[in-house]
Amino acid sequence: MSDSSSAAPKSGGGGLLLAVIYVTCLFFIWAFVTNLIDPLVKSMKVIYTLTDFETQLNQFAFFIAYGIMSIPSAAYLAKNGYAKSIVLGLVGIVAGCLIAYSTAFSHNFITVLLGLFVAASGITLLQVAANPLIASMGDPKGSHFRLNLSQAFNSMGAYLGGIFGASFLLKGDLFVQNATITQAMKDTGLSFVTNVYLLLAVVFAVFTLAVFLVRNTITHHAPKMAEHAESPFSALKSKWANLGSLGIFLYVGAEVCVISGMIFFLEQAQILNVPSQVAGFVGPIFMLFAMFGRFGGSVLLRYFKATTMLAFVATCASILCLIVIATYSMPATPLGGSVTLPGNFVAPLTTGFIPGCAAILIGLFNSIMFPTIFTITLERSTAPASATSGLMCMAICGGGFISILYGFTVDQLVAHFPIGARSLAFGVPLICYLYVLWFSQAAKKAHVHVIEEGVSVGH
């Protein structure tokens, strides 16, 4: 039975708290699975001897699902309701993990890519359903609290996904610095990868069963389905829907290429000069900064205009990229003393920490970009809110396209700048952040309206 028959959101109910906990866990799960890819990128590069372009196909296979599956996901939700959509989304993640696990038998990199795409398709459906659902489950006055709590779990999942991946996907002799790699070492590394995805498949399968048992409670408290869902493509007629979607496309792309290349960047001799696993522990601090920035940014947005805040964070992110680029040929001069990094690794303090810290600190200024671009666009788009929102959700696929552009850029630069290629490649996210900065300035002059469905299409 579709949720379309649901009445207005209700409060109370014996199983409501448990259902809210389960739905909140969804935010943790999809962030965990998404950020597990960052250490996976390093693992696949070593196991299959890939170029940087080929390595970034991991991110492309994952994020392209947002562009392909957003509309089918919205259609499935409209027809079958929230409970069935969440269960199917979780089944998609389990299926994707099992496909990735099957690489233990196929020994083919394409199997990993297929598993990532299937898992991301499930996550796309979860995201379409979970955001409005968590807001409607319980007292309407507590909707903002529930959304913020869910986002906190999302940030936690992002951080722990990276730490978990570094612990289990980057362990063993295969990732020891200057190691002579053998086929046996590659086989062992692949077994670590496939076993992790098998474990995740089992855990998520159990969780799917738990959600299935509370499906009636979820349906009871789900929001009423819209009678007519606007196609995201109808928003293409609006100038600001297009500009905002491009902003989302580039912002997500910048974030993905920075964080997915973080391990490669930090482990370099002229940066932190640490083993891959240690770099894998340090890299997720990027997501911790993003979590802190979300909370701090939420407070600041009460006192400053959204366009002003967006301009500020885009400027800061651009400056940090410029610092990384400007230090591309700077040797790691000892500064005296040492630093204990995550993983209890003691690293000598050098000038390489300057670009290293700059790259990680980008996470702090990435934090509020997505929701701020989103709301600024909705307030200026002449298309219905649902269509504009749908188009921006599809634009998340920028994470895939920009990341392979970043990988291609590294491959081209390494022939001419073997030491500083990865630093110079920060020119890719820099261009993305400069567009976000331009967008924030242009938005100041645009007409603003109340976010609603009744806005006529056209510019």
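Data block above holds the structure.
If you're wondering where the values come from, they're calculated on a predicted model, not measured in any experiment. (Residues numbered from 1 in each chain as written. Predicted model: local features only at pLDDT ≥ 70, side-chain atom pairs only at ≥ 80, totals over all residues. Heavy atoms only, no water.)

Caption draft 1: Region of the structure containing helix α4 (residues 57-101). With 45 residues, α4 should cover 66 Å at 1.5 Å per step; its first-to-last C-alpha distance of 18 Å lies more than 12% under that length. Along its length, α4 shows its largest kink, about 125 degrees, at G81. (Helix = DSSP H or I, 4+ residues; strand = E, 2+ residues; numbered from the N terminus. Expected span 1.5 Å × (residues − 1). Bend = angle between axes of the 7 residues up to and from the residue.)

Caption draft 2: Layout of the side chain of S381. Along the chain, S381 falls in the loop between α16 (369-380) and α17 (385-394). Residue classification places S381 among the buried positions, given a relative accessible area of 0%. Looking at S381, its side chain comes within polar contact range of the main-chain nitrogen of A383, at 3.1 Å. (Buried < 20%, exposed > 50% of the residue type's maximum accessible area, 1.4 Å probe, protein only. Polar contact = N/O pair within 3.5 Å; in protein donor to acceptor, adjacent residues only side chain to side chain.)

Caption draft 3: The pairing of strand β1 (residues 334-341), seen in detail. Bridge count between β1 and strand β2 (residues 345-350): five bridges; the pairing is antiparallel. Residue P334 lies in a different strand from β2, and its bridge partner there is T350. The antiparallel hairpin formed by β1 and β2 contains three residues in its connecting segment, where G343 sits at a positive phi of about 95 degrees. (Pairing = 2+ DSSP bridges.)

Caption draft 4: The nonpolar core, seen in detail. Within the largest apolar cluster, 142 residues are counted, with the highest numbers of intra-cluster contacts made by M369 and F426. Looking at this core element by element, the count peaks at 15 residues for α4. Ignoring any residue separated from it by four or fewer positions in sequence, one finds M369 in contact with Y251, L310, V313, A314, A317, Y433 and V436. In terms of nonpolar packing, the next biggest core, distinct from the first, is built from five residues, A235, A241, A383 and L391 among them. (Core = buried A, V, L, I, M, F, W, Y, C linked by side-chain atoms within 4.5 Å. Contact = heavy atoms within 4.5 Å.)

Caption draft 5: Examining the pattern of salt bridges more closely. Under the defined criterion, the tally for this structure stands at four salt bridges. The shortest N-O distance in the salt bridge between K42 and E267 comes to 2.8 Å. With K42 in helix α2 (residues 37-48) and E267 in the loop between α11 (262-266) and α12 (276-282), this residue pair connects regions lying 225 residues apart in the sequence. Taken individually, K42 and E267 each receive the classification buried, so the pair is uniform in this respect. A salt bridge links E379 to R380; the nearest nitrogen and oxygen atoms lie 3.4 Å apart. (Salt bridge = Lys/Arg side-chain N within 4 Å of Asp/Glu carboxyl O.)

Caption draft 6: Seen up close, the packing of aromatic side chains. Overall, the coordinates contain 19 aromatic pairs when judged by the stated rule. Here the aromatic rings of F164 and F168 are separated by 4.8 Å at their centres, their planes lie at 45 degrees, and the arrangement is tilted. In this pair, F164 and F168 both sit in helix α7 (residues 143-169), four residues apart, roughly one turn of the helix. With a relative accessible area of 36%, F168 lands in the partly exposed category. Counting every residue linked through ring pairs, the aromatic cluster contains F28, F32, F164 and F168. Directly above the aromatic system of F192 lies the positively charged group of K171, at a separation of 4.5 Å from the ring centroid. Across from the ring centre of F212, 3.9 Å away, lies the NZ or CZ of R215, which sits over that ring. (Phe/Tyr/Trp six-rings, centres within 6.5 Å; stacked < 30°, edge-to-face > 60°. Lys NZ or Arg CZ within 6 Å of the ring centre and 35° of its normal.)

Caption draft 7: Looking closely at helix α20 (residues 427-443). For α20, built from 17 residues, the straight-helix expectation of 24 Å at 1.5 Å per residue is met to within 8% by its first-to-last C-alpha distance of 24 Å. With 12 of its 17 residues buried, α20 lies for the most part within the structure. The set of residues buried in α20 consists of G427, V428, P429, L430, C432, Y433, Y435, V436, F439, S440, A442 and A443. Next to the buried residues of α20 lie α10 (239-260), α14 (306-326), α15 (353-366), α16, α18 (398-414) and α19 (421-424).

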